Amino acid sequence: MSAKISTEEMEEIREGFQKVDLDGNGYITASELGDLFREVGCPLPGYQIREIIQKLDKDNDSRIDLTEFTTIFQDLKDSRMAQGFRKALNKKEGIVAIGGTSKSTSEGTHHSISEQERFAFANYINTSLEKDPDCKHVLPINPSTEALFKAVADGIVLCKLINLSVPDTIDERTINKKKLTPFTTQENLNLALNSASAIGCQVVNIGAQDLKEGKPHLVLGLLWQIIKIGLFADIQLSRNEALAALLEEGESMEELMKLTPEELLLRWANFHLKKVGMSISNFSGDIKDSKAYFHLLEQIAPDGSKEDVPQIEIDMTGLYEKDLTKRAEYMLTEAQRLGCRQFVTATDVVCGNAKLNMAFVATLFNKHPALTKPENQDWNLESETREERTFRNWMNSLGVSPHVHRIYGDLHDALVILQLYEKIKVPVDWEGRVNHPPFKGVGGGHLKKMENCTYAVELGKKSAGFSLVGIGGQDLYDGNPTLTLALVWQLMRRYTLNVLENLGHGAVAGDDLIISWVNKTLVEAGKSSSIKSFKDKTIGTSIPVLDLIDAIQPKSVNFELVHTGSLSDEDKLNNAKYAISMARKIGAKVYALPEDLVEINPKMVMTIFACLMGRGMKRA
């Protein structure tokens, strides 16, 4: 089936599925389909909804996943049902169809662009960057026009947003800010795209030219990814132990930690709503009447018990307004008093725009969590290590599904690992050997997941030639940190080296080849630095990396900013931050962190030099 579906059709399938799956849980249900048709003014009786479900639901679990949706796409697209589907999706309020002309799609492909998102993101940027002098040339952005798409064209706003979401990702010294030319603009966009990839955004089908031209569907998609990463940063137990208050009776901490940020956000809202006898199951249909929002605001508003935080009493009279749009406006007025009127308009609430409403609730959580960590509990909540974060961001940037939030919990059915094998050109027998969700059977499909894990190890040993001594499927299923990371590292290493081999170097890429190329390039450029291995102590100064960047793109490095001589730890870190951002600026997709250079982490150092070699070979 997949061979018969074009890239353009597959993109349309994914977009359609995401629009129907309003609560973002990975499945379509009868209620979600009903909501969609009601919203677009095409209400259908229950029996017709059930007929559609039955036609789509191949495994009879009353839920439809993307695989089932894709399987039936060919049958649906020429039928009356398919035409109704497409008509309904394109008519959805606030959505405009435009022609997409990026390299990843064919001329004339239709993309659905949300005017509501454009409005929300423009306002978010205006609020977040209004005091930044480097952005005054494009701010404030008029949210009612296409100005947003022009505002991101020079890359400055994008770089600033990335640093808002994940502070210190980009060294400010590397952003070109004055007297921009087409070349320096291109550098900014390279820096933004490669840095977005490094924090886990999927930018595979987005190029600098797409952003320069302001292609709406690509700009909005990238902005949402960047903003979402920042919004969800603290919605995880390792960063916010007070979330332990959301533990339900009989639930273990391990089970709570497995929840995605979206699920935790819903759990948080219901934790507060329970006090008034309410609950919601999504951020779309269940919040349209603003009742849940009014009560949530009342529960989280500061009560004056904390020093320096004055009490704010929520005015609930707007709850009795019969007109839903006016009621939503009253609710947002109260949210503004909490400093949280972001992302949604009254119309977005009444229409149940799931994406923007989720962003609104995340803002409420971030500013007023109103949670207290349970006392007398001895939990060892270890924070994510730098290595784990780097691997997780690398996987997510490649567009794996589902999105990886907790590296061990989200890999334990091996589906993400199997997708990574495909990325390194190791064939996967998806039909014959892989078990797909929903996993049924004993222990929530324990055996099915174990079979996937065993197959993943088998592929590594037999097809990829990895060194997996002492690693079995059980280790992946159990989430053994050391052994799981050993496999993921070899996948990342092969992915990095494949990029070099694809450039037609004519030799099997490996450590010796990279080191030889680095030293040859440095000598030819008249540089005095060199490296003996990826553990060379001089790498801790970042000077060999900066010299190599300058050799690849002459005069790109401002050596007045580089610390030399006897270096303090702070000097080394400043050099490393500059080096990592400069590597991304000249077009190298580097995932490593500045600390990896300072501490001379040989694995990550290898990826930095390999990515720079790839960039240098493209130039040659």
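Residues numbered from 1 in each chain as written. Predicted model: local features only at pLDDT ≥ 70, side-chain atom pairs only at ≥ 80, totals over all residues. Heavy atoms only, no water.

(A) Local environment of the packing of helix H19 (residues 415-423) against helix H22 (residues 481-502). In the contact formed by H19 and H22, the axes pass within 10 Å of each other and the chain directions differ by 20°. In terms of their interaxial angle, H19 and H22 are classed as roughly parallel. The hand of the H19/H22 crossing is left-handed. Where H19 approaches H22, its residues Ile417, Leu420, Tyr421 and Lys423 are matched on the opposing element by Leu487, Leu491 and Tyr495. (Axes fitted to C-alpha atoms, helices over the stretch in contact; angles between N-to-C directions. Helix = DSSP H or I, 4+ residues; strand = E, 2+ residues; numbered from the N terminus. Parallel < 35°, antiparallel > 145°, perpendicular 65-115°, else oblique. Left-handed = near helix turned anticlockwise from the far one by under 90°. Contact = heavy atoms within 4.5 Å.)

(B) Representation of H19. The buried fraction of H19 is high, at seven of nine residues. All of the buried residues in H19 are Leu415, Val416, Ile417, Leu418, Gln419, Leu420 and Tyr421. Trailing H19 by a residue or two, Lys425 shows a phi angle of about 70°, which is positive. (Buried < 20%, exposed > 50% of the residue type's maximum accessible area, 1.4 Å probe, protein only.)

(C) Structural view of the environment of Asp536. Here Asp536 lies in the loop between helix H23 (511-524) and helix H24 (543-552). Along the backbone, Asp536 and Val605 are 69 residues apart, and their C-alpha atoms lie at a distance of 10.0 Å. Setting aside its immediate chain neighbours within four residues, Asp536 contacts Ser530, Ile531 and Ile600. Among the polar contacts made by the side chain of Asp536, one reaches the main-chain amide nitrogen of Lys532 at a distance of 2.8 Å. (Polar contact = N/O pair within 3.5 Å; in protein donor to acceptor, adjacent residues only side chain to side chain.)

(D) Up close: unusual backbone geometry. Cis geometry marks the peptide bond from Leu139 to Pro140; its omega dihedral reads -5°. Its place among the elements puts Pro140 in the loop between helix H6 (115-129) and helix H7 (147-151). With an omega of 0°, the peptide bond running from Pro437 to Pro438 counts as cis. Here Pro438 shows up in the loop between H19 and helix H20 (442-462). In this structure, Asp168 is a non-glycine residue whose phi angle is positive, near 70°. Relative to the assigned elements, Asp168 resides in the loop between helix H8 (156-165) and helix H9 (182-198). Phi is positive for Lys555, which is not a glycine, with a value near 65°. Its relative accessible area of 81% is what places Lys555 among the exposed residues.

(E) The arrangement of the nonpolar core in detail. Counting 92 residues, the largest nonpolar core has Phe121, Ile125, Leu158, Leu222, Leu265 and Trp268 as the members making the most contacts within it. Broken down by element, the residue count for this core peaks at nine residues, all from helix H11 (residues 216-231). Discounting chain neighbours no more than four positions away, the residues touching Leu265 are Phe232, Ile235, Phe283, Met358, Val361, Ala362 and Phe365. Counting 80 residues, the second largest nonpolar core, distinct from the first, contains Tyr408, Cys453, Ile552 and Val590. (Core = buried A, V, L, I, M, F, W, Y, C linked by side-chain atoms within 4.5 Å.)

(F) Representation of the pattern of salt bridges within the structure. By the definition in use, this model includes 26 salt bridges. Two residues, Lys215 and Asp210, come together in a salt bridge whose shortest N-O distance is 3.1 Å. Its relative accessible area of 10% is what places Lys215 among the buried residues. The shortest N-O distance in the salt bridge between Arg493 and Asp511 comes to 2.7 Å. (Salt bridge = Lys/Arg side-chain N within 4 Å of Asp/Glu carboxyl O.)

(G) Looking closely at the packing of aromatic side chains. Per the counting criterion, the structure on display carries seven aromatic pairs. When the centroid spacing of 5.1 Å and the interplanar angle of 25° are considered together, the rings of Tyr124 and Phe343 count as stacked. A residue pair is termed long-range when its members are at least 10 positions apart, and Tyr124 in helix H6 and Phe343 in the loop between helix H15 (324-337) and helix H16 (346-351) qualify at 219 residues. The class of Phe343 is buried, set by a relative accessible area of 6%. Look at Trp268 and Phe365: their rings are 5.4 Å apart centre to centre, the planes differ by 90°, and that puts the pair in the edge-to-face class. Of this pair, Trp268 sits in helix H13 (residues 261-273) while Phe365 sits in helix H17 (residues 354-367); the two residues are 97 residues apart in sequence, bridging distant segments of the chain. (Phe/Tyr/Trp six-rings, centres within 6.5 Å; stacked < 30°, edge-to-face > 60°.)

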